[in-house]
Amino acid sequence: MLTGGGQTQASFWELDLHNLLKLKSFVHLGMPHVFRNLNQTFNLFEMRRRGLAPIVYLMDFRSDLVPLAFASQVDTAHEIRLYRYRPTPEEAAGGKARERLLEDIRIDYRGPRSQGSREQLGYDKRKGPPVKLGSGRVLHVFTRPLGAAGERGVVEVPPEMRIMREHAWEGAYPTLEWLHELPAGAEDIAAGRWNEYLSVWGLPNTDINQHVNVVEYLMAAENHFTRMLFGAGLDLRAHRMTRLAMIFRKPFFAGDAYAVRGQLYRHGDAKVMNATVHRVTPEGEPEARPSVGMRCEGVVVHAGAEGIAPAPALAQDAS
């Protein structure tokens, strides 16, 4: 196991109006320290020169809904383990799974609690003690991003990483079905025509891995959760996001059109959005098989917050 951490000052845009860290900011606050550790220990740059890279497959960030004092350092501590997933004979025979080499990364986030009020616009004369702000899990799959079809998978441990102990994967492998599993008693919430939209990726959405950057999907998920809550007539001012999770099956590239489709659920006080992102064909039809899976969860923080503002006519007419 490889351990490490670091400090990063949360920037202005990473806190919402309640001084809560936006879940997409967990990438910027935690992952640079992870990659610095990996680069210093295993020389990832040399692996990339050979066309090999750890590519994100799963991201799962959770907020403890603790306000962070503005202009504060966020402390992160991470653990990285090397795993090998081997499909069962039944999975292998059915062609549904293949052997994979993975990095499982766990991150904890801590920082000083905000003791200011909204009227102070972030100014905190007295910062509270450091507390846990949230946690994250990132699963990387080793791959050759530019390899030919059928040659992208990597099962041999790179020479630089052979000092790491290899663990056998235990339990269920994260899949779209696993991500979208609902607790017993969850109920559908109608959001009308706000449950789907079309868009396109461009160069500003990409990174040096030649495809759309993961943070773009996180922002798309946050925005679609907001759309659906709005379409359902729920009070966005009282809603807090507690989880943002994604599974990446197939990357998107600049120029790809895509469709996002979601369904909203209620389970007690919690709201859940399960959504998928589909590549749109040149004929304008979304592909049946999703390329990305999304899950967002949140809660309303005070009683009587729902139904304050009716859903707009567009959503009402379609629901």
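In this text the structure is predicted, and so the values were computed from the model without any measurement. (Residues numbered from 1 in each chain as written. Predicted model: local features only at pLDDT ≥ 70, side-chain atom pairs only at ≥ 80, totals over all residues. Heavy atoms only, no water.)

Caption draft 1: Examining the overall build of the protein chain more closely. Check the secondary structure of the protein chain and you find six helices and twelve strands. Across the 319 residues in the protein chain, those meeting the buried criterion constitute 49%. Across the protein chain, every contact between residues at least 6 apart in sequence was considered, and the portion connecting residues at least 24 apart equals 77%. When the accessible surface of the protein chain is split by element, carbon and sulfur atoms take 52% of a total near 16100 Å². (Helix = DSSP H or I, 4+ residues; strand = E, 2+ residues; numbered from the N terminus. Buried < 20%, exposed > 50% of the residue type's maximum accessible area, 1.4 Å probe, protein only. Contact = heavy atoms within 4.5 Å. Areas by Shrake-Rupley, 256 points an atom, 1.4 Å probe, with all protein chains shown as cover.)

Caption draft 2: Expanded view of the pattern of salt bridges. Applying the stated rule across the entire model yields 17 salt bridges. The salt bridge partner of Arg137 is Asp104, with a shortest N-O separation of 3.0 Å. Of this pair, Arg137 sits in strand β5 (residues 130-143) while Asp104 sits in strand β4 (residues 100-112), placing them 33 residues apart in sequence. Classification of Arg137 as buried rests on a relative accessible area of 17%. Take Asp104: its relative accessible area is 4%, and that puts it in the buried class. The partner of Lys132 in a salt bridge is Asp108, and the shortest N-O contact between them spans 4.0 Å. Taken together, the residues span a long stretch of sequence, with Lys132 in strand β5 and Asp108 in strand β4 at a distance of 24 residues. Judged by relative accessible area, Asp108 falls into the partly exposed class, the value being 38%. Through salt bridges with shared partners, a single ionic network connects Asp60, Arg62, Arg243, Arg295 and Glu297. (Salt bridge = Lys/Arg side-chain N within 4 Å of Asp/Glu carboxyl O.)

Caption draft 3: Quick peek at the packing of aromatic side chains. Per the stated rule, a full pass over the model turns up 15 aromatic pairs. Seen in terms of ring centroids, Tyr85 and Tyr173 are 4.4 Å apart; in terms of plane orientation they differ by 35°. Their pairing is tilted. With Tyr85 in strand β3 (residues 73-85) and Tyr173 in the loop between β6 (166-168) and α4 (176-179), this pair connects stretches of sequence that are 88 residues apart. A relative accessible area of 10% places Tyr173 in the buried class. Cluster of aromatic residues (ring-pair linked, three or more members): Tyr197, Trp201, Tyr217, Phe248, Phe252 and Tyr258. A cation over a ring is seen here: Arg227 above Tyr197, with NZ or CZ 4.0 Å from the ring centre. The side chain of Arg279 reaches across the aromatic face of Phe252, ending 4.4 Å from its centre. (Phe/Tyr/Trp six-rings, centres within 6.5 Å; stacked < 30°, edge-to-face > 60°. Lys NZ or Arg CZ within 6 Å of the ring centre and 35° of its normal.)

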